[in-house]
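Here is what each chain is made of, one letter per residue.
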Amino acid sequence: MPDTIFSKIIAGEVPCHKLFENEHVLAFLDIAPLSEGHTLVIPKRPVERLEELPTEEAAEIARQLGPIAQRVLAATGKRDYNVLQNNGKSSGQAVPHVHFHIIPRAPEDGLGYRWNAKEVGDEQLAALAEKINAEK
Ligand code: 5GP
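In what follows, the accompanying structure is described. (Residues numbered from 1 in each chain as written. Predicted model: local features only at pLDDT ≥ 70, side-chain atom pairs only at ≥ 80, totals over all residues. Heavy atoms only, no water.)

1. Thoughts on the pattern of salt bridges
1) Next: Counted by the stated rule, this structure contains eight salt bridges.
2) Next: Residues Arg-63 and Glu-60 are paired through a salt bridge, measuring 2.8 Å at the closest nitrogen-oxygen approach. One end of the pair, Arg-63, and the other, Glu-60, are both in helix H2 (residues 55–76), three residues apart, so they sit about a helical turn from each other.
3) Next: Accessibility expressed as a relative area gives 45% for Arg-63, which makes it partly exposed. (Salt bridge = Lys/Arg side-chain N within 4 Å of Asp/Glu carboxyl O. Helix = DSSP H or I, 4+ residues; strand = E, 2+ residues; numbered from the N terminus. Buried < 20%, exposed > 50% of the residue type's maximum accessible area, 1.4 Å probe, protein only.)

Quick look at the structure:
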């Protein structure tokens with residue numbers, strides 16, 4: 001179990017600006033926001049990666065994400081937002097405790113959203129789908 005800054009926030013040892021809390025989930029404002037209202041929604045269980053989270057606890061995060069986002073958007077006067085969730089260093093994950101970012105967006109906010117897509121043939125996609133579907 002990684003002991004991270006988020007474990008300390010959950011334990012109340014490090015302060016946060018809390019927006020929501022229940023048995024499994026905590027939401028609070030990001031300390032270094034990409035936009036006004038940038039929020040982190042985390043499981044209380046200290047696991048590093050999404051696939052390590054018991055599905056019922058992941059489901060509880062999924063249940064709360066929309067309602068929390070709605071309150072953030074209402075308070076900041078925004079309609080659009082990204083939900084971002086990074087797993088592992090190469091994805092950009094800095095804190096090794098599962099977290100979902102809610103990032104309110106506005107036209108011309110300069111954050112960007114386009115990644116460079118790769119070209120791929122249908123046969124390659126079919127072979128890959130077959131390989132993935134063979135995984136249990
Ligand atoms: P990651 O890059 O791992 O997906 O995102 C980690 C996020 O946690 C960053 O956006 C960062 O600003 C935020 N963060 C790191 N330390 C703290 C902290 O002590 N308090 C709060 N509220 N956010 C933090």
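2. Focus on the sheet that holds strand S4 (residues 80–84)
1) Next: If you walk across this open sheet you meet the five strands as S1-S2-S3-S5-S4, and the pairing is antiparallel. Only two strands of the sheet have a single partner each, and these edge strands are strand S1 (18–21) and S4. When strand polarity is set aside, the average angle formed by the axes of neighbouring strands in this sheet is 15°.
2) Next: In this sheet, strand S5 (residues 100–105) lies alongside S4 in antiparallel orientation, the contact comprising five bridges. Its bridge partner lying in S5, Tyr-81 is registered against Pro-104.
3) Next: With respect to the sheet, H2 is in contact with S1, strand S2 (25–29), strand S3 (39–43), S4 and S5, its orientation differing from that of S5 by roughly 30°. (Pairing = 2+ DSSP bridges. Axes fitted to C-alpha atoms, helices over the stretch in contact; angles between N-to-C directions. Contact = heavy atoms within 4.5 Å.)

3. What about the side chain of Thr-4?
1) Next: In this structure, Thr-4 sits in the segment before helix H1 (5–11).
2) Next: Setting aside its immediate chain neighbours within four residues, Thr-4 contacts Val-95, Pro-96 and His-97.

4. Points about unusual backbone geometry
1) Next: Even without a glycine there, the phi angle at Glu-108 is positive, about 60°.
2) Next: Residue position: Glu-108 is located in the loop between S5 and helix H3 (122–133).

5. As for the packing of aromatic side chains
1) Next: The tally for this structure, following the rule as stated, stands at one aromatic pair.
2) Next: Ring geometry for Phe-6 and Phe-28: centres 5.6 Å apart, planes at 75°, overall edge-to-face. Linking Phe-6 in helix H1 with Phe-28 in strand S2, this pair joins segments that are 22 residues apart in sequence. For the pair formed by Phe-6 and Phe-28, the shared burial category is buried. (Phe/Tyr/Trp six-rings, centres within 6.5 Å; stacked < 30°, edge-to-face > 60°.)

6. Digging into the site of the ligand
1) Next: Close to the ligand lie 16 residues, the nearest being Leu-29, Asp-30, Ala-94, His-99 and His-101.
2) Next: Contact between the ligand and Asp-30: an oxygen atom at 2.5 Å from a side-chain N or O atom of the residue.
3) Next: Here an oxygen atom of the ligand sits 2.8 Å away from a polar atom, N or O, in the side chain of His-101.
4) Next: When the free accessible area of the ligand is taken as 510 Å², the share hidden by the protein chains comes to 81%. (Near = heavy atom within 4 Å. Polar contact = N/O pair within 3.5 Å; in protein donor to acceptor, adjacent residues only side chain to side chain. Areas by Shrake-Rupley, 256 points an atom, 1.4 Å probe, with all protein chains shown as cover.)

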